[in-house]
Amino acid sequence: MAEAPQETDLSQIGTAGTADKVGQASRAAHIKIDKKRIRKYDRRRKEIIGMIQKALLWGLLFLALGVWLILLLRWWTITLGVLSLAIAWFWLYDIGQPIHALRSLYELYWDSTLLGSVVVRTDPLTVAGLVNLETGTGKRTVYRYFDGQGNEISQELYAEKTEQVQAEWDRTLDAEWDRLYEEGKEEEADALWEDFWSKPQHTFSRKEDEEATARAEIRGCRLRVVGDGDWNYKLGDRIPCSSAYGPKDPELGIWTYVDIFPLIWATNNPHDLRACNEAVSEFEWEMLDDIAPLIQGPEFSTGEMYRIFREPEGTPTKYRLEPIDESEDEDEEEGQE
């Protein structure tokens, strides 16, 4: 009798690292992967192997040619031989990067950033993955501010009122509070603190606006061909992905290249796949649903990263997509004006 698939604990989704640690994922899959399945379906792995084979082939060819030319012991053959050896060095030197990528592939499935993607093409099966492009270690959080009665106020008024309350405390009670603590009357000092700061006119609070925070993030989109396999997906279906981050633009503070790989290349466990989908926020899925019709056209390439821009109210679409390099040029031109 076949063993029932083990369900992934949702509490394990996204526990890898923290957002403050560069190079670690704040939300990762943490599912059991099938290495044989990866070797069978993972197109990215095949691309990497192809790069290694190409580098080895050309490197060894130019190496052999260079040695043969040098052994002819004529000035012009020696010159050409040295040039050939330099080309061989170029090819073989670059082989380290794809080899490292191949070695770290299985780890990336387990412990790299978990992304959401939706099917945007069926021939071949292709998904669009949503990526947070920001490279900064800090989170740009958007808050809403409230007074002691729970009424929403502006950030400026919040800052002004809290400063006034702090000044009132410093002027009237801070010295008394210090004296009580110095005399060992900690309970009286705590009561004095609580009595002052619990009064509605002294109470102001802030709460994160999660949707506004999500909107403030710089996001991008990447297409990835999934190909054929033991799965059946249609347009609009959701597929969780892991990711690999490449070059970045330090001036703009964004990643310029992010590769994605669908988790169905690594597992066919429906419980694990569902758990990963549930770990992606609903805001991200809604954004993908809005972007999917825009990126279905043939003008969008699987080899490019696209930056997502929010359109003004009243325009036909909520977003527009532009290649990262073109977006960078526009930003530079705007900065020069």
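Since the structure is predicted, the reported quantities are computational estimates derived from the model, not experimental observations. Every chain's residues receive numbers from 1 upward, in the order its sequence appears when written. Residues qualify for local features only when their pLDDT is at least 70, as the model is predicted, and side-chain atom pairs are given and counted only at 80 or more; totals for whole chains, interfaces and linings, by contrast, use all residues. Excluded from the side-chain calculations are hydrogens and water; all other atoms, namely the structure's heavy atoms, are used.

1. What about the pattern of salt bridges?
Piece 1. When a carboxyl oxygen of Asp or Glu is within 4 Å of a side-chain nitrogen of Lys or Arg, the pair counts as a salt bridge. Under the defined criterion, the tally for this structure stands at 16 salt bridges.
Piece 2. Between Asp237 and Lys234 there is a salt bridge; the shortest N-O distance is 3.4 Å.
Piece 3. With a 1.4 Å probe rolled over the protein chains alone, any residue whose accessible area is under 20% of its type maximum counts as buried; one over 50% counts as exposed, and the rest are partly exposed. Residue classification places Lys234 among the exposed residues on the basis of a relative accessible area of 55%.
Piece 4. Within this structure, Arg44, Glu47, Arg222, Arg224 and Asp259 form a network of salt bridges that share partners.

2. Quick word on unusual backbone geometry
Piece 1. The linkage connecting Asp123 with the following residue, Pro124, adopts the cis geometry, with an omega of -5°.
Piece 2. Strands are runs of DSSP state E lasting at least two residues, helices are runs of H or I lasting at least four, and both sets are numbered from the N terminus onward. Checked against the element boundaries, Pro124 lands in the loop between β1 (115-122) and β2 (125-132).
Piece 3. The backbone phi angle of His30 is positive, close to 55°, even though this residue is not glycine.
Piece 4. Summarising the element assignment, His30 is placed in the segment before α1 (35-41).
Piece 5. A positive phi angle, near 60°, is found at Leu73, a position not held by glycine.

3. What about the pairing of strand β10 (residues 258-262)?
Piece 1. The element β10 is largely enclosed, with a buried count of five among its five residues.
Piece 2. Here strand β7 (residues 238-245) runs beside β10; their pairing, made up of five bridges, is antiparallel. From the neighbouring strand, Cys241 faces β10, where its bridge partner is Pro262. In this scheme, strands are said to pair when DSSP sees at least two bridges between them.

4. Here's the deal with the packing of helix α2 (residues 43-71) against helix α3 (residues 75-93)
Piece 1. In the contact formed by α2 and α3, the axes pass within 7 Å of each other and the chain directions differ by 160°. Taken together, the axes of α2 and α3 lie roughly antiparallel to each other. Note that α2 runs across α3; the crossing there is left-handed. On α3, the residues touching Lys54, Ala55, Leu56, Trp58, Gly59, Phe62, Leu63, Leu65, Gly66, Val67, Leu69 and Ile70 of α2 are Thr77, Ile78, Leu80, Gly81, Val82, Ser84, Leu85, Ile87, Ala88, Trp91 and Leu92.
Piece 2. Charged residues are taken to be Asp, Glu, Lys and Arg, nonpolar residues to be Ala, Val, Leu, Ile, Met, Phe, Trp, Tyr, Cys and Pro, and polar residues to be all remaining types, Gly included. Split into classes, the residues belonging to the contact of α2 with α3 amount to 17 nonpolar, five polar and one charged. In this description, a line fitted to the C-alpha atoms serves as the axis of each element, helices being fitted only across the stretch in contact, and the angle between N-to-C directions of two axes falls anywhere from 0 to 180 degrees. To sort the angles, those under 35 degrees are grouped as roughly parallel, those over 145 as roughly antiparallel, those from 65 to 115 as roughly perpendicular, and the leftovers as oblique. In this scheme the handedness of a crossing depends on how the near helix is turned from the far one: anticlockwise by less than a right angle means left-handed, clockwise means right-handed. Any two residues having at least one pair of non-hydrogen atoms within 4.5 Å are treated as being in contact.

5. Some thoughts on the confidence of the model for the protein
Piece 1. You can read pLDDT as the predictor saying how much it trusts each residue, on a scale of 0 to 100. Averaged over all residues, the pLDDT of the protein equals 80, while 84% of them reach at least 70.
Piece 2. At the level of individual helices and strands, the protein shows its lowest average pLDDT in helix α12 (residues 324-336), which scores 43, and its highest in β1, which scores 94.
Piece 3. In the model, residues 1-24 has pLDDT below 50 throughout and makes 41 contacts with residues more than four positions away in sequence or in other chains.

6. Some points on the sheet that holds β10
Piece 1. Taken in spatial order, the seven strands make up an open sheet running β10-β7-β1-β2-β6-β11-β12, and their pairing is antiparallel. One side of each edge strand has no neighbouring strand; the edge strands of this open sheet are β10 and β12 (319-323). Looking at each pair of strands side by side, their axes are set apart by 40° on average, direction ignored.
Piece 2. Direction of pairing for β2 relative to strand β6 (residues 219-225): antiparallel, over a ladder of seven bridges. Counterpart to Gly129 in the pairing with β6 is Arg222.
Piece 3. Together, β1, β2, β6, β7, β11 (305-310) and β12 form the strand contacts of helix α11 (residues 282-291), whose direction differs from that of β1 by roughly 20°.

7. Observations concerning the environment of Arg222
Piece 1. Looking at the secondary structure, you find Arg222 in strand β6.
Piece 2. Overall, Arg222 belongs to the buried group, its relative accessible area being 5%.
Piece 3. Separated by 81 residues in the primary sequence, Arg222 and Gly303 have C-alpha atoms spaced 8.2 Å apart.
Piece 4. N or O atoms within 3.5 Å of each other form a polar contact, as long as, within protein, one can give a hydrogen and the other can take it, and as long as residues adjacent in sequence are counted only when both atoms are side-chain atoms. Within polar-contact distance, the side chain of Arg222 engages the backbone oxygen of Thr302 at 2.9 Å.

8. Concerning the environment of Met305
Piece 1. You can see Met305 is positioned in strand β11.
Piece 2. Expressed as a C-alpha distance, the spacing of Met305 and Leu223, which sit 82 residues apart in the sequence, is 7.9 Å.
Piece 3. Sequence-distant contacts of Met305, that is, excluding residues within four places in its chain, are made with Leu133, Cys221, Arg222, Thr256, Tyr257, Val258, Glu322, Pro323 and Ile324.

9. Considering the side chain of Glu134
Piece 1. Relative to the helices and strands, Glu134 resides in the loop between β2 and β3 (143-146).
Piece 2. A distance of 2.9 Å separates a polar side-chain atom of Glu134 from the backbone nitrogen of Ile218.

10. A closer look at the packing of aromatic side chains
Working definition: an aromatic ring pair is given by the centre-to-centre distance plus the angle between the planes.
Piece 1. When the centres of two rings from Phe, Tyr and Trp lie within 6.5 Å, Trp using its six-membered ring, the rings pair. Their planes under 30 degrees apart give stacked, over 60 give edge-to-face, and anything left gives tilted. Summed over all chains, the structure comprises 17 aromatic pairs.
Piece 2. Here the aromatic rings of Trp169 and Trp197 are separated by 6.0 Å at their centres, their planes lie at 45°, and the arrangement is tilted. Of this pair, Trp169 sits in helix α6 (residues 155-172) while Trp197 sits in helix α8 (residues 186-197); the two residues are 28 residues apart in sequence, bridging distant segments of the chain.
Piece 3. Since its relative accessible area comes to 2%, Trp169 is described here as buried.
Piece 4. Look at Trp197 and you get partly exposed, because its relative accessible area is 22%.
Piece 5. Pairwise contacts between aromatic rings join Trp169, Trp177, Tyr181, Trp193, Phe196 and Trp197 into one cluster.
Piece 6. Cation over ring: Arg320 sits above Phe309, and NZ or CZ is 4.5 Å from the ring centre. In our convention, an over-ring charge means Lys NZ or Arg CZ found within 6 Å of a ring centre and within 35 degrees of that ring's normal.

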